[in-house]
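Summary of structural features
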There are 6 protein chains.
Amino acid sequence: MKKLVLTGAAGRLGSYLREPLSKLTEELVSSDIVEDIGKLYPGERYQRADLAEFAAIEALLEGADMVVHFGAIGDEAPFEQILGPNIVGAYNIWEAAHRHGLRRVVYASSIHAVGMHPKTERIGIDAPHRPDTFYGLAKCFAEDLGRLYWDKRGLESVHLRILSCAQVTSTRALGTWLSYEDLVQLVTRAIEAPVTECSVIYGVSDNDRVPVDNSGAQFLGFRPKDNAEMFATDILAAAEPADPGDLAQTRHGGPFAAIALGNSGLAVMDVIDDTKSVE
Amino acid sequence: MKKLVLTGAAGRLGSYLREPLSKLTEELVSSDIVEDIGKLYPGERYQRADLAEFAAIEALLEGADMVVHFGAIGDEAPFEQILGPNIVGAYNIWEAAHRHGLRRVVYASSIHAVGMHPKTERIGIDAPHRPDTFYGLAKCFAEDLGRLYWDKRGLESVHLRILSCAQVTSTRALGTWLSYEDLVQLVTRAIEAPVTECSVIYGVSDNDRVPVDNSGAQFLGFRPKDNAEMFATDILAAAEPADPGDLAQTRHGGPFAAIALGNSGLAVMDVIDDTKSVE
Amino acid sequence: MKKLVLTGAAGRLGSYLREPLSKLTEELVSSDIVEDIGKLYPGERYQRADLAEFAAIEALLEGADMVVHFGAIGDEAPFEQILGPNIVGAYNIWEAAHRHGLRRVVYASSIHAVGMHPKTERIGIDAPHRPDTFYGLAKCFAEDLGRLYWDKRGLESVHLRILSCAQVTSTRALGTWLSYEDLVQLVTRAIEAPVTECSVIYGVSDNDRVPVDNSGAQFLGFRPKDNAEMFATDILAAAEPADPGDLAQTRHGGPFAAIALGNSGLAVMDVIDDTKSVE
Amino acid sequence: MKKLVLTGAAGRLGSYLREPLSKLTEELVSSDIVEDIGKLYPGERYQRADLAEFAAIEALLEGADMVVHFGAIGDEAPFEQILGPNIVGAYNIWEAAHRHGLRRVVYASSIHAVGMHPKTERIGIDAPHRPDTFYGLAKCFAEDLGRLYWDKRGLESVHLRILSCAQVTSTRALGTWLSYEDLVQLVTRAIEAPVTECSVIYGVSDNDRVPVDNSGAQFLGFRPKDNAEMFATDILAAAEPADPGDLAQTRHGGPFAAIALGNSGLAVMDVIDDTKSVE
Amino acid sequence: MKKLVLTGAAGRLGSYLREPLSKLTEELVSSDIVEDIGKLYPGERYQRADLAEFAAIEALLEGADMVVHFGAIGDEAPFEQILGPNIVGAYNIWEAAHRHGLRRVVYASSIHAVGMHPKTERIGIDAPHRPDTFYGLAKCFAEDLGRLYWDKRGLESVHLRILSCAQVTSTRALGTWLSYEDLVQLVTRAIEAPVTECSVIYGVSDNDRVPVDNSGAQFLGFRPKDNAEMFATDILAAAEPADPGDLAQTRHGGPFAAIALGNSGLAVMDVIDDTKSVE
Amino acid sequence: MKKLVLTGAAGRLGSYLREPLSKLTEELVSSDIVEDIGKLYPGERYQRADLAEFAAIEALLEGADMVVHFGAIGDEAPFEQILGPNIVGAYNIWEAAHRHGLRRVVYASSIHAVGMHPKTERIGIDAPHRPDTFYGLAKCFAEDLGRLYWDKRGLESVHLRILSCAQVTSTRALGTWLSYEDLVQLVTRAIEAPVTECSVIYGVSDNDRVPVDNSGAQFLGFRPKDNAEMFATDILAAAEPADPGDLAQTRHGGPFAAIALGNSGLAVMDVIDDTKSVE
């Protein structure tokens, strides 16, 4: 691969992806809303861009083979704040990718696109949208957008519905954890698969308590290695008894399922946390 | 019912709904982007509002019991044009409805939210989103939005995926026709059903060649009376042989499945055609 | 047919079935817990029996071809009261039928065997058990018992999950009504079908607002003729707005879904109301 | 349409189809293995051909728009006899149709392609193959062949799984009857549908006791008008009690499910009975 | 956990569970119908109780957090014997648990609740009830009871459908074996899961030949470690050729599927074998 | 086992199976169309037979317990060539097996029976037939034949839908590879399973990128050990970018999905390649 673009490169997950992605391509162009992301890896270049500005995104993707799109507001927020980077930003990425003839968008979607499904119901990659927040609603929008661009324009995409790529600090995370190593494998497989069409896959490690079903996407070759069960004894010992009536316990979205719409600032961030785009 | 709001009241379908809706409520507030919609029915009042302006929509819905939301750009258009009235407009309707405590949003969704599914596959109300245009993508967004507001805020909605509410002039319409009488029944049942939660239902008459399956929504009581087969002899006699490779023939979305994204101006409009919102 | 037995013959539905059933057989033996059911139809004989007493039931079924089993406590009641006539009584009927070599049990099951399913989800004949009361739990037991006797002993059964065979007095009944004429057709088809194995079918008329799906049992030939929509205008005009959080509105079981377990005495009986068996 | 070919024209169903098909096309070429089929309808021409001879079939289909393929041995027979007209014959039809650029094959498949499914299980158009005879096995072969030619060569086909197109003389036929009028409608709709791709549809009237589900093929527009229930009273009065262990009673294929493989000569023919091809 | 109750503590499986359960709670109250269960583990107390006596069970569960309910007649028996401990006993456990505010019932259900399903059909946790014995019928009853108490009263339950927790002595057991270690893991996970609502899970080890599908219950975290394949060579070498017409070979329930109803005394017990309750 | 027959013994896969199969039986009769297969293993005997000649096959199977049927033209070919060994040959095997009372046919079916399904759709063992070649069409025929002989005559069969049992030389094979070791395990398990009825199972190793789902056949006990991922780095480094419009990339059948019907001579053989039967 000649040129690969990574958005949200200053975010938590984006920062972790920069090094491994730099090894898959001749040139990695990392991008975010911040002025600077510090020391660069060999083959890496930084290009600031606001997701909500089409011209900036169009310039960013010129000549690229693929884009790994992790940039977005990474927390629940009022709809007016989500609209620019997360909704219009997704459109800008796909439209620019189409205009420049990119092969594929690898997109950081989220469990929060389907977060209101009951946790006692195992959900597969074909689970209908049931967002738990405006944040999740924007993920639904981007997934449908990706489907549209595949069906009408032949632009491929892989939608990674990431569960919890963060330190394991709750009983919920015993099932939802995605380790950094497994994240890297997931993104790598999404890039290297010969053909993906428009695919959905959950981003979650090989946890004993995994609540979702990735079997429908097995052709992509993602086989996670880590298992949050190693944290189970400590986590369970410290846990309070759960309330079966608490949506944070009973829905796939966890805390996001319980918070009020538009309320940012969850104490424990369990989703991607990267670009802080300014409108 | 004390107050019912109708958006898109100057459009083709909205115009037809004004009289029957005026009989279901003490006060019907019809709204659109135009200055004037002419003579009013008893109990009807006109209030101009731009869907893309939250303040206008909030004022419009004050004190209402329900809103019948048919306002939108009713044709494919560039994303930048769809964004305001169809996407932000949908948000404005649901958010205002929530703030004023409305019971339900009855929404004119469209077959174009699922228009890329092959026509040889009968689709039910649980068919996953597969939009055929930016127009359809905005319908997907509003359906997901409606689900979010039901799950998180208890605001009900009924999403009417209308097929072709227009004169029958093609072989496709022999299956997709929704007569005006059946449209009125559909909207009426969506309003009067005691509880709907967040429901989807196709808007189509009792045609012999109907390509979709409404059985999952039968509790709403919609039982159409008309059948486009009465037009079949003439339509079939005049039809050219179809090309099995033509997406307009083989996908549920018909002509919308075949056009380029963002290209407005289909010669034969087969969807709702109402509010011409200006951004 | 030479001999047909009807239990619950003194109940509301049983009383209505006596005359039509008497015409399908040389001898109709009607039975209930009461001393006397008054004037008999030609070919009818009354034989008192307590469902909870095996000897009485065994005597009742001797020489019969089939039994139409409508006898039971027809309302929610404490488990201790349900146990005898509804649970042990069902066992007694099937076991006696087996010992005497009857061909088939036609059983009055109920929507309350699956009453906790959400009403927005259309349920078919394969809906898993989800009872709403002890009354419904006993129906689940009898359905499983019937399956066991078919699988192990070749005794056929048809389980009629009756919705609301009573006057239409609520918005719910617009969907759940089973007219007396349609009840008679339903029981007749269940008797005359050449082979039924162990089948389930909903007992409901051809209502516009029907919330269940009988298509899986169409081979039995039940095609109801009545439609509760004729009562809709009056019922809807008089109805209070429904509360979307009220289980009586949102579950298939209606009021039974909302009452406390074991609490008998619903003001509006919407299920069978027949045998008052004494233990 | 300029030229339409009908095979099996001397058979029972073929004979009935000749007149209505002659009105749908400028030229109808009727064909069978016999020397002569008697008086011809206006626009009809007879051309003898053995299905098992490719050259004869290739000549037959030259210049045609579509072929209605009803020719075959219409009864169970030893595999060696089925092989020529029913298996090789099907290949000859599809291959010749492809070479001459026909648009579509309308094929008389049969319930016997799926005849071993239990009758208590309603089967849809996607029921997996489960043939009950060599006769049914050949139907399975032709259906798979039709799928292959659509997927690889774009030749459309409609596979009519006919149930019982014959006089109603058994309780089974109360569910499986296809009237001649409905047969004509079925074939007509299969011809006139603009696009069919490779479709399957059951050939059965609107019987109360219909055991199969055509909803998946509704886009073809087949809406039968007749109902075998008009024969029910007489048929049921004369019927012997059925044996629940008799495959002829409990499987969709009826008598074919019970006979020994390769045994021709069923007293009651319930399938097509047309070409008697000689190898 | 402060207090945990184990019923059937004198049975084979119950005996094995006593020690590991005693480590999960401050106080383990073991119970059975026998006078004495011998030496107790630290923190364990024995309290005799007859499952069929409500007062005894109510006393047993007072102050408990959860109950692990393994007590029952552990073999097929006449219905009259099953009724007390297995049916009324289940009611007594759930009702007492509700009255004392327990959080959860962990219940030893069985494959015999679904034992008549063909073994060539892999069954998931949503397989409909299809009991093979009165023993299995009582398991169906308890599962439905558990669902009712969750839906109406918020009392959680986990239904462990145990396959064969016994020495591997047959080819069937190569697929159905549940090792003691895996049994302990299964019960432990059912207890420690934060929220279970009303769940079903199969109790079976990680056998190569496992015939059931637990994927729908993966959120509970059960990941068995043992595999009966280690016994395969010896078992297969000694096995007689199987008869494809033998229900003991072709149904999930194995020998129970083949025995006569009510006949106890299977030579090889492959289900739980614990409390011998006296009525 | 006393006598086991292997057809296609001179082919690539057959050659590999000879030694392991010779150890499972007292007598292994290997067969093919060639005159001689060289040195024999202990207990092995060679018997030449043409699959298309019934008498030869009948003689071959006399006294056998089972037949492992791998003989066929192992490449796409004109239908006229496929007909004899692959279609008539399959009939000859099953019919002879029935006449001699064999217990089971273990059959080398192929992914090409379902090769036109999109690769982004994971297919299970119940995927409907969708052949990609005449070669695949013959596999469909044999699978249906096997079902017929089970349903009507109680002859068991296991249909091994082999993906790619050959050296890994393409990105497709990273998902479709079946190692020789796993092939042997697969055939062994199909032979030793006590009861199989008529089963389908995919022949594929435990590859990360496996595109099919064998869970429905787990009761057979096939648990592959190899994983093509060990070849991934080299294969991916050498691979050209794939064309998302290329059927060889997007369908399960790979190259067979893209070639013209009847065109033999694929450069890379990815299916069985054994008997070269002469008609």
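See the structure shown above.
The paragraphs below set out a description of the structure included in this document.

The rules behind the values
- Residues numbered from 1 in each chain as written.
- Chains lettered and ligands numbered in written order.
- Predicted model: local features only at pLDDT ≥ 70, side-chain atom pairs only at ≥ 80, totals over all residues.
- Heavy atoms only, no water.
- Least-squares fit on C-alpha atoms with pLDDT ≥ 70 in both.
- Pairing = 2+ DSSP bridges.
- Helix = DSSP H or I, 4+ residues; strand = E, 2+ residues; numbered from the N terminus.
- Axes fitted to C-alpha atoms, helices over the stretch in contact; angles between N-to-C directions.
- Contact = heavy atoms within 4.5 Å.
- Buried area = accessible area lost by both parts, 1.4 Å probe.
- Salt bridge = Lys/Arg side-chain N within 4 Å of Asp/Glu carboxyl O.
- Core = buried A, V, L, I, M, F, W, Y, C linked by side-chain atoms within 4.5 Å.
- Buried < 20%, exposed > 50% of the residue type's maximum accessible area, 1.4 Å probe, protein only.
- Polar contact = N/O pair within 3.5 Å; in protein donor to acceptor, adjacent residues only side chain to side chain.
- Nonpolar A, V, L, I, M, F, W, Y, C, P; charged D, E, K, R; others polar.
- Phe/Tyr/Trp six-rings, centres within 6.5 Å; stacked < 30°, edge-to-face > 60°.
- Arc of directions from axis to C-beta.
- Right-handed = clockwise from strand over helix to strand, strands pointing away.

Here we look at the relation of the copies chain B and chain C
- Rotating chain B by 120 degrees about the axis while translating it 0.0 Å along that axis superimposes it on chain C, leaving an RMSD of 0.0 Å. These values place the two chain copies in the arrangement generated by a three-fold rotation axis. Considering only C-alpha atoms, the residue of chain B closest to the rotation axis is B:Ser215, which sits at 6.0 Å.

Looking at the sheet that holds strand S1 (residues 3-7) of chain E
Residue and element names in this part refer to chain E.
- Reading across from one edge, S3-S2-S1-S4-S5-S6-S7 is the order of the 7 strands in this open sheet, with parallel pairing throughout. Since the sheet does not close on itself, it has two edges, and those belong to strand S3 (44-46) and strand S7 (198-203), each with one partner. Within this sheet the neighbouring strands show an average axis-to-axis angle of 20 degrees, counted without direction.
- By the bridge criterion, 4 bridges tie strand S4 (residues 66-69) to strand S5 (residues 104-110) in an arrangement that is parallel. When the bridges of S5 are listed, His-69 appears paired with Tyr-107.
- Its contacts with the sheet put helix H2 (residues 54-61) on S1, strand S2 (27-31) and S4, and the angle it makes with S1 is roughly 145 degrees.

Thoughts on the interface of chain A and chain B
- With 29 residues of chain A at the contact, the number on the chain B side is 29 residues.
- Interface of chain A and chain B: buried area, both sides summed, is about 2600 Å²; carbon and sulfur atoms make up 68% of it.
- Considering only the side of chain A, the residues that lose the most area to chain B are A:Leu148, A:Lys152 and A:Leu261, jointly responsible for 23% of the buried surface there.
- The interface formed by chain A and chain B contains 2 salt bridges.
- Put simply, A:Arg130 and B:Asp151 hold a salt bridge, and the shortest N to O gap is 2.9 Å.
- At the level of elements, helix H3 (79-99), helix H4 (134-153) and helix H9 (255-258) of chain A are the ones that each hand at least two residues to the side of chain A that touches chain B.
- If one sorts the elements of the side of chain A that touches chain B by residue count, H4(A) sits on top with 12 residues.

Structural notes on the nonpolar core
- Core analysis: the biggest nonpolar cluster contains 76 residues, and A:Leu61, A:Trp94, A:Phe134, B:Leu61, B:Trp94 and B:Phe134 have the highest contact counts within it.
- Broken down by secondary-structure element, the contributors of at least two residues to this core are helix H2 (54-61), H3, strand S5 (104-110) and H4 of chain A together with helix H2 (54-61), helix H3 (79-99), strand S5 (104-110) and helix H4 (134-153) of chain B.
- Excluding residues within four positions of it along the chain, B:Trp94 makes contact with B:Val105, B:Tyr107, B:Ala142, B:Leu145, B:Gly146, B:Tyr149, B:Leu155, B:Ser157 and B:His159.

Focus on the relation of the copies chain A and chain B
- Between chain A and chain B, the superposition needs a rotation of 180 degrees and an axial shift of 0.0 Å, giving an RMSD of 0.0 Å. The relationship between the two copies is best expressed as a two-fold rotation axis.
- Interface overlap between copies: 100% of the residues of chain A at the interface are likewise at the interface in chain B, consistent with a symmetric, same-surface contact.

Quick look at the interface of chain B and chain C
- Tallying the contact residues gives 17 residues for chain B and 19 residues for chain C.
- For the pair chain B and chain C, the summed buried area comes to about 1500 Å², and 52% of that belongs to carbon and sulfur atoms.
- Counting across the chain B and chain C interface gives 5 salt bridges.
- Taken together, the links from chain B to chain C amount to 10 residue pairs in polar contact (both at pLDDT 80 or more).
- In terms of residue class, the side of chain B that touches chain C is made up of 5 nonpolar, 6 polar and 6 charged.

Considerations on the pattern of salt bridges
Residue and element names in this part refer to chain F.
- According to the stated counting rule, one finds 112 salt bridges over all chains in the structure shown.
- One salt bridge connects Arg-104 with Glu-156, and the closest N-O pair in it is separated by 2.9 Å. On the criterion of sequence distance, the pair formed by Arg-104 in strand S5 (residues 104-110) and Glu-156 in strand S6 (residues 156-162) is long-range, its members being 52 residues apart. For the pair formed by Arg-104 and Glu-156, the shared burial category is buried.

As for the packing of aromatic side chains
- Counted under the stated rule, the structure contains 57 aromatic pairs over all chains.
- Centre to centre, the rings of A:Phe141 and B:Phe79 are 6.2 Å apart; their planes meet at 45 degrees, and the pair counts as tilted. With A:Phe141 in helix H4 and B:Phe79 in helix H3, the pair connects residues from two separate chains.
- A relative accessible area of 2% means that A:Phe141 is categorised as buried.
- Their ring planes at 70 degrees and their centres at 5.9 Å tell us that C:Tyr135 and C:Phe256 sit as a pair that is edge-to-face.

Overview of the sheet that holds strand S7 (residues 198-203) of chain A
Residues and elements named next belong to chain A.
- Strand order in the open sheet formed by 7 strands is S3-S2-S1-S4-S5-S6-S7, with parallel pairing between adjacent strands. The two strands at the open ends of the sheet, each matched to only one other strand, are strand S3 (44-46) and S7. Shown here is a sheet whose adjacent strand axes are inclined to one another by a mean of 20 degrees, direction ignored.
- Where strand S6 (residues 156-162) and S7 come together, 6 bridges link them in parallel fashion.

Observations regarding unusual backbone geometry
- Positioned with a positive phi, B:Glu197 is a non-glycine residue whose angle comes to about 45 degrees.
- Within the secondary structure, B:Glu197 sits in the loop between helix H6 (180-192) and strand S7 (198-203).

Considering H2(E)
All names here are of chain E.
- Every buried residue belonging to H2 is among Ile-57, Leu-60 and Leu-61, and all of these are buried. Seen from one end, H2 has its buried residues packed into an arc of 85 degrees, which puts them on one side.
- The inward-facing, buried residues of H2 contact S1, S2, S4 and helix H3 (79-99).
- Gly-63 lies just past H2 and shows a positive phi near 80 degrees.

Quick notes on the arrangement of the chains
- As for chain E relative to chain D, no contact occurs, and the smallest C-alpha gap between them is 14 Å.
- Looking at chain C next to chain F, you find no contact at all, with the nearest C-alpha pair sitting 19 Å apart.

Some words on the pairing of S2(E)
Residue and element names in this part refer to chain E.
- Summarising burial for S2: 4 of the 5 residues are buried, a large majority.
- Once the chain exits S1 it traverses helix H1 (residues 12-22) before rejoining the sheet at S2, and the crossover so formed is right-handed.
- Relative to S3, S2 runs parallel, the two being bridged by 3 bridges. In the sheet register, Leu-28 faces S3, and the bridge partner there is Glu-44.

Interpretation in functional terms is not warranted from these geometric data alone.
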